[in-house]
Amino acid sequence: MSSLSPSEVQSVTKLLGRHPSKLEEGLFTAMWSEHCSYKSSKIHLQKLPKASPRVLVGPGENAGAVDIGDGLCVVFKVESHNHPSFIEPFQGAATGVGGILRDIFTMGARPFATMNLLRFGSPSHPKTPWLVDGAIRGLSGYGNCFGVANVVTDVAFDSCYDANILVNAFAIGVCKHSELQSGTAKGLGNAVVYVGAKTGRDGIHGATMASESFDDASHERRPTVQVGDPFKEKLLLDACLECFEKKLVVGIQDMGAAGLTSSSYEMASRGNSGLNLHLDKVPLRDAGMQPYEIMLSESQERMLLVAKQENVVAIKEIFERYDLDAAVIGEVANERLVNLYWRGDCICSLDPLWLTDEAPVLRRPSARPEIASEARAMTKQQAPEGFTQYDRHIGLGTLVAGDESDAALVRIPGTNKAIGLSIGCDEQLCAANPFEGARRGFARQVLQLACIGTEPIGATDCLNFGSPEDPCVMWSFERAIEGLCEAAAAFKVPIISGNVSFYNQTNEKAIYPTPTVGLVGLREGYAHFATRDLKRDDDVQVFVGVKHHDLACVHTLAQWLIPLVRSGEVDTARVTEKGDDLLGVIIAAPKTKVAAISKNVPGEFLIMEQ
Amino acid sequence: MTVAVIRFSASNCDRDTRYVFEHVVQAKCDFVWQDENELPADVRAVVLPGGFSFGDYLRAGAMAAHRPIMKAVKRFAEGGGPVMGICNGFQILCEAQILPGILMPNHHNRFVCSTVELKTPGGGLGALKNYAPDETIKLPIAHHDGRYYANDDDLMRLTRDQMIALTYVDKDEHNNAKVNGSALGIAGIFGGPTRNVLGLMPHPERRSELCLGGTDGVRMLQSLLS
């Protein structure tokens, strides 16, 4: 298992004034890992536009939140679980969706839909069928049992992913503004309560495993893959939402990567608080576990919450009713130190900011590759086999899913609102030109949302790249960010949450730059939307497109299409590129209607009969 | 006059079911927790909703079938009270032996989510009284363990006594449902002294509003109250 770099060890030694203990080294290794600290990406991510009048919560919390009117908001994020899914596809994918669901309901929102983007190796690679089968069963098994509709799956195959598959899981939830929670520990004397499943030895150093490239010994990392239990997670959801409803919680965060360590140090950092944690009070599956293991376990379905002392009894009663552990493991302290106690002895005392804000910020060298890769034609599946394994209808929201339309449309029952959902990436173009690929991919998704009559209100990103230690990978990363920046600014869409997954490479072979975007749209009323299938035998198909470099034109195209879809005039549409230059939609309608629609289009539009 | 929707540990279609009763059928609807000993005094009908109660531990519905509330549900059913078990609810009714047979894993061993064509051999009877005999309807299914199985005697009895309520239209050469291998293509069966119990794998609550694709499901939910 990798450890801190020599310069990082130096930084830690300087902060502590001495060499770190084994426990301290473990904590810093996890928190300063690429996965947890974003050290190679932080300075670039800051460039992404994250504000708009609708944004309620931007990057920095467990997920972002965007207002949808009438006092409601949607909470969403996309995350990767690439490395564990390659090692153990069923559990890796299952815990990927488990983790993203917790990120949503820890914010106070009830999840109502998921999407996923999957990249597998060449169909002829011997491992591919096993990986595909495991990942789909893992994602669907977990999501179906938990009870959330999976409405889009974007699946593609290419040999660049042979030894580095991608599993990007998106989730979205809804709640009232007033119901939003925060991952903050504050209030001197407040109780720190551990809730959910017991802690076991699974997943120790999972975050560190996700922060390294694979080599030939990767299969030995199986114990670092977490094991998921969607039944427990559903109980956890019910219990947490009940606690929120009864206003019993001051702050809450799920235990994801780096488990108890990340949740406690991050909550303390956000609250500028201290914590006293008594590790011997943590509910354990194996009584012989030691502090190091307890702190770094990535056992699933656990949350850390902070509550006023007078509410502890009520919280315990709720969790007991759902058959989950709820144990007071500490309290909020006055000095900004996280003190870990083991059987009465203080075994570690660190300023939480050392593990969060003081994490290294790296300016990695970047260098343009001499030869731009030539993008091969990738095998993409429009309605992938395996999509029927996902429950698409639970929640009574799904009006149309990704098998019938380019983007999904999900209504919010009890309101007049519907949410548009799209997930994707233009990695073929990214391979040759990451800036253009990121930009065109975003533009394409804006048009996908227009096909179902929605305007984009927010985005989340999952940036999957090779090793940041390779200057060519960093160059691609920076260019992709620039492309996202330009696109998000042009369409006025804030990027409110996200995730970076580096080290998607094995030995020297890296994946295509794959900056996944989850785009969320909104509309009031949802009577009409377009789907891909032809409705009438005598329909005429016509391509309406613009030059994809001109984002203002793409925006005009989307604005032109939306009212036509909402009124029902255009009921058949799909997004497509034509050549290297053009991006647009192919719409189908009776001949007279097409003639009428084509008459008054803006000059920048190109119209081509199909 | 309340419709009682029973909640088991990790039931996940309970809120959907209640939503449809309250907003579409416009009936008073309450949740009843699995560990209660009694149903509400004014209970008019009982619904066991879909989901993966207890994570399908051991067998789908096996754990839920033994929760305290099931004694009251059994009494209610034996007394002729209307009971509907949807998906996991059907599995629970079989495990509790309120209905004969069992729901086994789909023959292809995969979860399947699809909107399927069904026939109503039980049309005009029990909760299907608002359907014509052998009407063709469409309802969504979403399950891993939907293959109905009963021994030959039970199957013969169900057929002879007109207790088969719903069947899948698409059957294979063995007369099993193509979508999940269900014997005789059975998607739902009646039980109780007066066909007052209906267990079915498809989800009527998911097909009760036009915007969701159709309203073939709502009539059976409405009939629980009339």
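The rules behind the values
Residues numbered from 1 in each chain as written. Chains lettered and ligands numbered in written order. Predicted model: local features only at pLDDT ≥ 70, side-chain atom pairs only at ≥ 80, totals over all residues. Heavy atoms only, no water. Helix = DSSP H or I, 4+ residues; strand = E, 2+ residues; numbered from the N terminus. Rg over C-alpha atoms; globule rule 2.2 N^0.38 Å. Buried < 20%, exposed > 50% of the residue type's maximum accessible area, 1.4 Å probe, protein only. Contact = heavy atoms within 4.5 Å. Lys, Arg positive; Asp, Glu negative; His and termini not counted. Charge placed at Lys NZ, Arg CZ, Asp CG, Glu CD. Expected span 1.5 Å × (residues − 1). Pairing = 2+ DSSP bridges. Axes fitted to C-alpha atoms, helices over the stretch in contact; angles between N-to-C directions. Disulfide = S-S within 2.5 Å. Core = buried A, V, L, I, M, F, W, Y, C linked by side-chain atoms within 4.5 Å. Polar contact = N/O pair within 3.5 Å; in protein donor to acceptor, adjacent residues only side chain to side chain. Salt bridge = Lys/Arg side-chain N within 4 Å of Asp/Glu carboxyl O. Buried area = accessible area lost by both parts, 1.4 Å probe.

### Looking at the overall build of chain B
Thinking step 1. When its secondary structure is counted, chain B shows five helices and eleven strands.
Thinking step 2. For 226 residues, the compact-globule estimate of 2.2 N^0.38 gives 17 Å, and the C-alpha radius of gyration of chain B, at 16 Å, lies within 12% of that figure.
Thinking step 3. Looking at chain B as a whole, 60% of its 226 residues are labelled buried.
Thinking step 4. Across chain B, every contact between residues at least 6 apart in sequence was considered, and the portion connecting residues at least 24 apart equals 73%.
Thinking step 5. In chain B, 23 side chains carry a positive charge and 25 a negative one; their mean positions are 1 Å apart.

### As for unusual backbone geometry
All names here are of chain B.
Thinking step 1. Positive phi is not limited to glycine here, since Phe-54 has a value of about 55°.
Thinking step 2. Secondary-structure assignment places Phe-54 in the loop between strand 3 (43-48) and helix 2 (69-78).
Thinking step 3. A positive phi angle, near 60°, is found at Cys-87, a position not held by glycine.
Thinking step 4. In this fold, Cys-87 is placed in the loop between strand 4 (83-86) and helix 3 (88-95).
Thinking step 5. According to the relative accessible area criterion, Cys-87 is buried, its value standing at 5%.

### Observations concerning helix 6 (residues 89-105) of chain A
Thinking step 1. Over its 17 residues, helix 6 of chain A extends 24 Å from the first C-alpha to the last, a length consistent with the 24 Å expected when each residue adds 1.5 Å.
Thinking step 2. Among the 17 residues that make up helix 6 of chain A, 16 are buried, leaving the element largely enclosed by the rest of the structure.

### Some remarks on the sheet that holds strand 3 of chain B
All names here are of chain B.
Thinking step 1. Pairing is mixed across the open sheet formed by nine strands, whose spatial order is 2-1-3-4-11-10-9-6-7. Whereas interior strands pair on both sides, the edge strands pair on one side only; in this sheet they are strand 2 (28-33) and strand 7 (136-143). When strand polarity is set aside, the average angle formed by the axes of neighbouring strands in this sheet is 25°.
Thinking step 2. Where strand 1 (residues 2-7) meets strand 3, four bridges bridge the pair, whose relative direction is parallel. What sits directly across from Val-5, in strand 3, is Val-47.
Thinking step 3. Helix-sheet contacts for helix 1 (residues 14-25) involve strand 1, strand 2 and strand 3, and the interaxial angle to strand 2 is about 160°.

### Focus on the environment of Tyr-161 of chain A
Residue and element names in this part refer to chain A.
Thinking step 1. When you line up the elements, Tyr-161 lands in the loop between strand 5 (149-157) and strand 6 (166-176).
Thinking step 2. Put simply, Tyr-161 and Tyr-512 are 351 residues apart on the chain and 8.0 Å apart in space, counted from C-alpha to C-alpha.
Thinking step 3. Beyond its immediate chain neighbours, meaning those up to four positions away, Tyr-161 contacts Arg-119, Phe-120, Gly-121, Leu-166, Met-378, Glu-427, Ile-511, Tyr-512 and Thr-514.

### Things to note about the state of the cysteines
As used here, a disulfide is simply a covalent bond connecting the sulfur atoms of two cysteines.
Thinking step 1. Taken as a whole, this structure holds zero disulfides over all chains when the rule is applied.
Thinking step 2. As a non-bridged cysteine, Cys-73 of chain A has Cys-175 of chain A as the owner of its nearest cysteine sulfur, 3.7 Å distant.
Thinking step 3. Judged by relative accessible area, Cys-73 of chain A falls into the buried class, the value being 0%.
Thinking step 4. Of the cysteine sulfurs around Cys-113 of chain B, a residue in no disulfide, the closest is that of Cys-87 of chain B, at 10 Å.
Thinking step 5. Looking at Cys-113 of chain B, the relative accessible area reads 0%, which means it is buried.

### A few points about the nonpolar core
Thinking step 1. In this structure, Phe-319, Phe-442 and Trp-560 of chain A together with Val-46 and Tyr-148 of chain B are the most contacted members of the largest nonpolar core, which totals 208 residues.
Thinking step 2. Examining the composition of this core, we find that ten residues originate from one element, helix 17 (residues 551-567) of chain A, more than from any other.
Thinking step 3. Those residues in contact with Phe-442 of chain A that lie beyond four places of it in its chain are Ala-459, Leu-484, Ala-487, Ala-488, Phe-491, Val-493, Val-517 and Leu-519 of chain A.
Thinking step 4. Ranked by size, the runner-up nonpolar core spans 40 residues in total, among them Leu-260, Met-267, Leu-340 and Cys-348 of chain A.

### Digging into the side chain of Gln-505 of chain A
Residues and elements named next belong to chain A.
Thinking step 1. Examined against the element boundaries, Gln-505 turns out to sit in strand 20 (residues 505-506).
Thinking step 2. Within the structure, Gln-505 has its side chain in polar contact with the backbone oxygen of Asn-507 (distance 3.2 Å).
Thinking step 3. When neighbours within four sequence positions are excluded, Gln-505 is seen to be in contact with Asn-164, Ser-213, Phe-214, Gly-466, Ser-467, Val-473 and Ala-510.

### Thoughts on the pattern of salt bridges
Residue and element names in this part refer to chain A.
Thinking step 1. Going through the model one piece at a time under the given rule, you end up with 47 salt bridges over all chains.
Thinking step 2. The partner of Arg-137 in a salt bridge is Asp-133, and the shortest N-O contact between them spans 3.0 Å. With Arg-137 and Asp-133 both in helix 7 (residues 128-146), this residue pair falls four residues apart, about one helical turn.
Thinking step 3. Note that Lys-417 is salt-bridged to Glu-524, the shortest N-O span being 2.6 Å. Of the two residues, Lys-417 sits in strand 17 (residues 417-424) while Glu-524 sits in strand 22 (residues 514-524), which places them 107 residues apart along the sequence.
Thinking step 4. Accessibility expressed as a relative area gives 2% for Lys-417, which makes it buried.
Thinking step 5. Of the residues examined, Glu-524 reaches a relative accessible area of 44% and is grouped as partly exposed.

### Observations regarding the interface of chain B and chain A
Interfaces are often described in size by the accessible area the parts lose on coming together.
Thinking step 1. At the junction of the two partners, chain B supplies 26 residues and chain A supplies 28 residues.
Thinking step 2. Roughly 2,200 Å² of surface becomes buried between chain B and chain A when both sides are summed, with 60% attributable to carbon and sulfur atoms.
Thinking step 3. Among the residues of chain B in contact with chain A, Arg-110, Phe-111 and Cys-113 of chain B are the three that bury the most area, contributing 25% of the side total.
Thinking step 4. The tally of links between chain B and chain A comes to three salt bridges.
Thinking step 5. The shortest N-O distance in the salt bridge between Glu-209 of chain B and Arg-411 of chain A comes to 2.8 Å.
Thinking step 6. There are ten residue pairs in polar contact (both at pLDDT 80 or more) connecting chain B and chain A.

### So, the sheet that holds strand 11 (residues 325-333) of chain A
All names here are of chain A.
Thinking step 1. Strand order across the open sheet formed by seven strands is 8-10-7-11-9-12-13, with mixed pairing between neighbours. Each edge of the sheet is formed by a strand with only one pairing partner; in this case those strands are strand 8 (251-254) and strand 13 (345-350). The average angle at which neighbouring strand axes cross in this sheet is 25°, direction not considered.
Thinking step 2. Inspection of the sheet shows strand 8 paired to strand 10 (residues 302-307) by four bridges, in the antiparallel sense. Looking across to strand 10, one finds that Gly-251 is bridged to Val-306.
Thinking step 3. Most of the contacts of helix 2 (residues 22-31) go to strand 13, to which it runs at about 40°, and overall it touches strand 12 (338-342) and strand 13.

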